[in-house]
Amino acid sequence: MIDRYSRQILLPQIGEEGQKKLGNSSVVIIGCGGLGCIIATSLVRAGVGKIKLIDRDIIEYHNLHRQILFNEEDIKNQLPKAVAAERHLKKVNSSIEIEGVVADVNYFNIEKLVAGADLILDGLDNPETRFLINDASAKHKIPWVYGAAISTSGMTMNIIPGKTPCFRCVFPSLPLPGVIPTCDTAGVIGPAPFIIGSLQSVEAMKILIGAKEINRGVILIDVWEGTSHRFKVSSRPDCPTCQGNYEFLQVQFGIRTTILCGQNSVQVLDPKVESLSLEKLATYLKSLGEVSYDEATLRFTVDNHEIVIFPDGRVILKNSLDESLARELYVKYIESHHNS
Ligand SMILES: [Zn+2]
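This section reports on the structure supplied with the text. (Residues numbered from 1 in each chain as written. Predicted model: local features only at pLDDT ≥ 70, side-chain atom pairs only at ≥ 80, totals over all residues. Heavy atoms only, no water.)

Right, let's get into the coordination of the zinc ion. At the metal site, the zinc ion is ligated by Cys-166 (SG), Cys-169 (SG), Cys-239 (SG) and Cys-242 (SG), and these contacts range over 2.3 Å. Around the zinc ion sit four donor atoms; with metal-centred angles ranging over 100 to 116°, the donor geometry is tetrahedral. Within one chain, the residues serving as donors to the zinc ion are arranged as C-x2-C-x69-C-x2-C. Of this pair, Cys-166 sits in the loop between β6 (153-159) and α8 (167-170) while Cys-242 sits in the loop between β8 (227-231) and β9 (256-260), and the two are 76 residues apart along the sequence. A residue is classified by how much of its surface remains accessible, and Cys-166, at 5% relative accessible area, is buried. (Donors = N, O, S within 2.8 Å, 3.2 Å for Na, K, Ca; no water. Tetrahedral: all angles 85-135°; square planar, octahedral: opposite > 155°, others 65-115°. Helix = DSSP H or I, 4+ residues; strand = E, 2+ residues; numbered from the N terminus. Buried < 20%, exposed > 50% of the residue type's maximum accessible area, 1.4 Å probe, protein only.)

Rendered as structure tokens:
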């Protein structure tokens, strides 16, 4: 196995000692789009011992210009990104552990998903989940590498609990929906995530090895202009996350459940949701379970759970008084649809 890594072991910054540390490391990559594909490719080839890749989406044609792990066959097979990535990467390096997880990362599951990891890597396309990662990182003292790419530019920053400012020190609050451009509205060219994902991968290797020269601050790069800038960042004394107030992990900021005793059912309410298009939801859920709907209700059956959904956003789990199950199913099937 040394031969496989001989060319990077030659680097004095890595050496055999560094290679051993990489082999004993465990990382979680959240999001397997443009950034995640580059990060996963780099770290699998570099010999990071344990790699978990999490993504909720299916591969589409408009992903292929930048998501280097996927091909047309994956699309024909309707593969989720996490499944296709795991299959392809296992052929690249069979000496490490690679696990693809098809999941929507949310406040309900994030702590479980990152438990035991030495490092979290951000391959996301939405700010909400980054605030979640930041809270989970601070709470469990797991460093993470932020990365974002859009249009022709991107940025990255290392967040190491106790050593650097956190994400929320730099970006205090969640932007309003629609304010931030996304790849769907502004577009993106492949080299933008390629460069940022590469920088994230190098920082990951440095953090895992324990190198002193890790980047402290924000690096901003425009691949079209060929420019790069570094910004210093500082801790904010009133940052809730740094004070141990993990708002994004707290359930009270999200959905509420109520037991409807007489009906042997649990109702789930999400204060963020005022109305739902049953037609759109039906289209989304059709591939996941059994769906029937009319103007008033949508009935969805999956794994023997019967769920009824109303246009005002109310969701009812029938034949159960299990609030945590109701919440879990809501997050898995209905909230993931809002985010899709
Ligand atoms: Zn902070």
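On to the pattern of salt bridges, then. Where charged atoms of side chains with opposite charge meet at close range, the side chains can pair. In this structure the tally under the stated criterion is eight salt bridges. Between Glu-203 and Lys-206 there is a salt bridge whose closest N-O contact spans 2.9 Å. A residue pair is termed a helical-turn pair when its members lie 3 or 4 positions apart in one helix, as Glu-203 and Lys-206 do in helix α10 (residues 191-209) at three residues. Assessed through its relative accessible area of 19%, Lys-206 is described here as buried. A salt bridge links Arg-236 to Asp-238; the shortest N-O distance between them is 3.0 Å. (Salt bridge = Lys/Arg side-chain N within 4 Å of Asp/Glu carboxyl O.)

Reported here for the second largest pocket is a volume of approximately 240 Å³. Surrounding the second largest pocket, 14 residues form its lining, Leu-11, Ile-14, Val-202, Met-205 and Lys-206 being those nearest its centre. Only α3 (34-46) and α10 provide two or more residues apiece to the lining of the second largest pocket. If one sorts the elements of the lining of the second largest pocket by residue count, α10 sits on top with five residues. Each residue belonging to the lining of the second largest pocket can be placed in one class, and the counts come to seven nonpolar, four polar and three charged. (1 Å grid on protein atoms, 1.4 Å probe; cavity = no way out; pocket = protein on both sides within 12 Å on 5 of 7 lines; lining within 4 Å. Points joined across faces, edges and corners; volume = space filled by probe spheres on them. Nonpolar A, V, L, I, M, F, W, Y, C, P; charged D, E, K, R; others polar.)

Glancing now at empty space enclosed by the protein. As enumerated under the stated definition, the model contains one cavity of 30 Å³ or more in all. In this structure, the largest cavity encloses a volume near 30 Å³. Lining the largest cavity are Val-268, Ile-307, Val-315, Leu-317, Ala-326, Leu-329 and Tyr-330. Top contributing element to the lining of the largest cavity by residue count: helix α12 (residues 323-339), with three residues. For the lining of the largest cavity, the residue count by class is seven nonpolar, no polar and no charged.

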